[in-house]
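Inside the fold
Below, each chain spelled out in residue letters.
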Amino acid sequence: MGTTELVILALEVPLFAMFGNFLFFAIQKPLKWSNKAMILLSLVCYSLLCLYGILGFIPGNPLGLKSMWEMFVFGAIHGMLVGSIQSFSRTFFADLIPKSHESEFFALYGITDKGSSWMGPLIVAGMERTRGVDSTKGSRRIV
């Protein structure tokens, strides 16, 4: 996959996330499902999407991610699902917050959302330093 395709895919996912918000809301409204049920529906769809992608690693299997056009379809579906999960999880979180404590809980949500972005790089750097694993050279056995 070249740079052009990666840029197209990077633009495609947030665009389809917006459409996914509207699509899943249009599904939720007539069915009168709760936010929790919609999150579970999105996670089931995500599991099926991941399963389809994994099937591409099985030699001789006609299903799975094997061509470029499938990657763009995968990205579009991923975008729709990630958009719906983000919006439904925030509204579900808002439903769980006790009355008159909204600002406290959403401040905590913001801190843990953005504040945890340093943990992944810290863990990888610690593994590289202590075990001699170079993350730029692919995966190796750590232990």
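Above: the structure in question.
All of the points below concern the structure found in this document. (Residues numbered from 1 in each chain as written. Predicted model: local features only at pLDDT ≥ 70, side-chain atom pairs only at ≥ 80, totals over all residues. Heavy atoms only, no water.)

Re the overall build of the protein
- Tallying secondary structure elements over the protein gives five helices and zero strands in all.
- Ordering the α and β elements of the protein from the N terminus gives α-α-α-α-α.
- Here the C-alpha radius of gyration of the protein, 19 Å, is well above what a compact globule of 143 residues would show, namely 15 Å.
- For the C-alpha atoms alone, the extent of the protein along its principal axes is close to 50 × 40 × 30 Å.
- Relative to its 143 residues, the protein shows a buried fraction of 21%.
- The long-range share in the protein, meaning contacts at least 24 apart out of those at least 6 apart in sequence, stands at 54%.
- Summed over all atoms, the accessible surface of the protein reaches about 10200 Å², with 71% contributed by carbon and sulfur.
- Across the protein, the 12 positively charged side chains and the 9 negatively charged ones have centroids separated by 6 Å. (Helix = DSSP H or I, 4+ residues; strand = E, 2+ residues; numbered from the N terminus. Rg over C-alpha atoms; globule rule 2.2 N^0.38 Å. Buried < 20%, exposed > 50% of the residue type's maximum accessible area, 1.4 Å probe, protein only. Contact = heavy atoms within 4.5 Å. Areas by Shrake-Rupley, 256 points an atom, 1.4 Å probe, with all protein chains shown as cover. Lys, Arg positive; Asp, Glu negative; His and termini not counted. Charge placed at Lys NZ, Arg CZ, Asp CG, Glu CD.)

Here we look at the packing of helix 3 (residues 68–96) against helix 4 (residues 102–115)
- Contact geometry for helix 3 and helix 4: axes closest at 11 Å, N-to-C directions at 140 degrees. Between helix 3 and helix 4, the interaxial angle falls into the category oblique. Where helix 3 crosses over helix 4, the two elements pack in a sense that is right-handed. Of the residues in helix 4, those touching helix 3 at Ser89, Arg90, Phe93 and Ala94 are Phe105, Phe106, Tyr109 and Asp113.
- A breakdown of the residues in the contact of helix 3 with helix 4 according to their chemical character gives five nonpolar, one polar and two charged. (Axes fitted to C-alpha atoms, helices over the stretch in contact; angles between N-to-C directions. Parallel < 35°, antiparallel > 145°, perpendicular 65-115°, else oblique. Left-handed = near helix turned anticlockwise from the far one by under 90°. Nonpolar A, V, L, I, M, F, W, Y, C, P; charged D, E, K, R; others polar.)

Description of the environment of Phe16
- Note on placement: Phe16 falls in helix 1 (residues 3–31).
- Exposure remark for Phe16: the relative accessible area of 26% places this residue in the partly exposed category.
- As for Phe16 and Ala76, which are separated by 60 residues in sequence, their C-alpha atoms are 5.6 Å apart.
- Residues within four places of Phe16 in sequence aside, it is in contact with Ala76, Gly79 and Met80.

Let's talk about the packing of aromatic side chains
- Evaluated as defined, the whole model comprises four aromatic pairs.
- With 5.9 Å between their ring centres and 70 degrees between their planes, Phe16 and Phe19 make a pair best called edge-to-face. Here the residue Phe16 and the residue Phe19 both occupy positions in helix 1, the gap between them amounting to three residues, near one helical turn.
- Judged by centre distance (5.3 Å) and plane angle (85 degrees), the ring pair of Phe93 and Phe106 falls under edge-to-face. Taken together, the residues Phe93 in helix 3 and Phe106 in helix 4 connect sequence positions 13 residues apart.
- A relative accessible area of 21% means that Phe93 is categorised as partly exposed.
- On the accessibility criterion, Phe106 (30% relative accessible area) is partly exposed. (Phe/Tyr/Trp six-rings, centres within 6.5 Å; stacked < 30°, edge-to-face > 60°.)

Scope: geometric values only; no functional claims are made or implied.
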